[in-house]
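Spelled out, the chains give:
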Amino acid sequence: MTEGSFYDAVGGEETFRRLVHRFYEGVAEDPLLRPLYPEADLTGAEDRLRGFLVQYWGGPKTYSQERGHPRLRMRHVPFVIGEAERDAWLKHMHDAVQDLQLPDELEKQLWDYLVMAAHSLVNSPA
C-alpha cells in the first residue's frame, strides 16, 4: 500500500465497502443485470469487486493474493455484455459514486476509470 494513494485520499477500505455495497443494492433490483450474477446471494460478487477496486486504487493486494491477476476481460467473457448492460452497470455505479460525496477531483478520477472499465468490458455487438 502506498502512502498518499487514491485509496488513502478517499478514506480507505470503508469508502470502497460503501461504494460497492451501494452499487450491488442497485444491481439486486435490476432486471437486466441481476441475471448476470448467478449466485443467489451477491456477497461473493461484492467481495470480489471491492477487493479489486481496493487493490487497483492503492490498498492491500488481497485480491491478487486470493484470485491471481485480475484479468478483467477474461473473467467477464462468459457473460454477454452489450451497451445496455454497460449502461445499466454505469447507472448503478454512478448512483453509488454520488452517494460517497467525494471532493470533485477525486470523484472525477474514480468515475473516469469506472467509465473506461465499463466500456472495455463490452463483448457483444449492439
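Residues numbered from 1 in each chain as written. Predicted model: local features only at pLDDT ≥ 70, side-chain atom pairs only at ≥ 80, totals over all residues. Heavy atoms only, no water.

As recorded in an unreviewed UniProt entry, the protein chain goes by the name Hemoglobin, listed as coming from Nonomuraea africana. Word for word, the UniProt comment on the protein chain under Sequence similarities (unreviewed entry) is "Belongs to the truncated hemoglobin family. Group II subfamily." (UniProt positions renumbered as here; feature names shortened; annotations may be inferred.)

Engineer: Is there a simple way to explain the layout of surface pockets in this structure?
Structural biologist: The space that makes up the second largest pocket amounts to roughly 180 Å³. What lines the second largest pocket is E13, D47, R48, R50, G51, V54, P60, T62, Y63, E66 and R67. Within the residue set of the lining of the second largest pocket, elements represented by two or more residues are α3 (43–56) and α4 (62–67). In terms of residue count, the dominant contributor to the lining of the second largest pocket is α3 (five residues). Taken together, the residues that form the lining of the second largest pocket break down as three nonpolar, two polar and six charged. (1 Å grid on protein atoms, 1.4 Å probe; cavity = no way out; pocket = protein on both sides within 12 Å on 5 of 7 lines; lining within 4 Å. Points joined across faces, edges and corners; volume = space filled by probe spheres on them. Helix = DSSP H or I, 4+ residues; strand = E, 2+ residues; numbered from the N terminus. Nonpolar A, V, L, I, M, F, W, Y, C, P; charged D, E, K, R; others polar.)

Engineer: Hey, could you run me through the environment of K108 in this one?
Structural biologist: Note on placement: K108 falls in helix α7 (residues 104–120). For the pair K108 and V97, spaced 11 residues apart in the sequence, the C-alpha separation amounts to 9.7 Å. Polar side-chain contacts of K108 include one of 2.5 Å to the side chain of D112. (Polar contact = N/O pair within 3.5 Å; in protein donor to acceptor, adjacent residues only side chain to side chain.)

Engineer: Before we go on, may I ask you to explain the packing of helix α2 (residues 13–28) against α3 in this structure?
Structural biologist: Two numbers describe a pair of packed helices, the interaxial angle and the distance between the axes. Interaxial distance between α2 and α3 falls to 9 Å at its minimum, and their mutual angle equals 140°. Taken as axis vectors, α2 and α3 run oblique relative to one another. When the axes of α2 and α3 are compared, the crossing they make is right-handed. Facing E13, F16, R17, L19, V20, H21, F23 and Y24 of α2, the residues of α3 in contact are A45, E46, L49, R50, L53 and V54. Class assignment for the residues of the contact of α2 with α3 results in nine nonpolar, one polar and four charged. (Axes fitted to C-alpha atoms, helices over the stretch in contact; angles between N-to-C directions. Parallel < 35°, antiparallel > 145°, perpendicular 65-115°, else oblique. Left-handed = near helix turned anticlockwise from the far one by under 90°. Contact = heavy atoms within 4.5 Å.)

Engineer: What is the right way to look at the pattern of salt bridges in this model?
Structural biologist: Close approach of charged atoms allows side chains of opposite charge to pair. Overall, the coordinates contain eight salt bridges when judged by the stated rule. One salt bridge connects R50 with E13, and the closest N-O pair in it is separated by 3.4 Å. With R50 in helix α3 and E13 in helix α2, this residue pair connects regions lying 37 residues apart in the sequence. By relative accessible area, R50 is classed as buried at 9%. (Salt bridge = Lys/Arg side-chain N within 4 Å of Asp/Glu carboxyl O. Buried < 20%, exposed > 50% of the residue type's maximum accessible area, 1.4 Å probe, protein only.)

Engineer: Could you clarify how one ought to interpret α7 in this entry?
Structural biologist: Because each turn of an α-helix spans 3.6 residues, side chains separated by three or four positions end up pointing in the same direction. Spanning 17 residues, α7 covers 24 Å between terminal C-alpha atoms, matching the ideal 24 Å at 1.5 Å per step. For α7, the set of buried residues is L106, L110, Y113, L114, A117 and A118. Projection of α7 onto a plane perpendicular to its axis shows the buried side chains occupying an angular sector of 135°, all on one side. For α7, the exposed residues lying more than 90 degrees away from the buried face are D104, E105 and K108. (Expected span 1.5 Å × (residues − 1). Arc of directions from axis to C-beta.)

Engineer: Can you walk me through α2 in this structure?
Structural biologist: With 16 residues, α2 should cover 22 Å at 1.5 Å per step; its first-to-last C-alpha distance of 22 Å lies within 8% of that length. T15, F16, L19, V20, F23, Y24, G26 and V27 are the residues of α2 that are buried. Within α2, the buried residues cover an arc of 155° as seen down the axis, which keeps them to one side. Check the buried side of α2 and you find it contacts α1 (6–9), α3, α6 (83–100) and α7.

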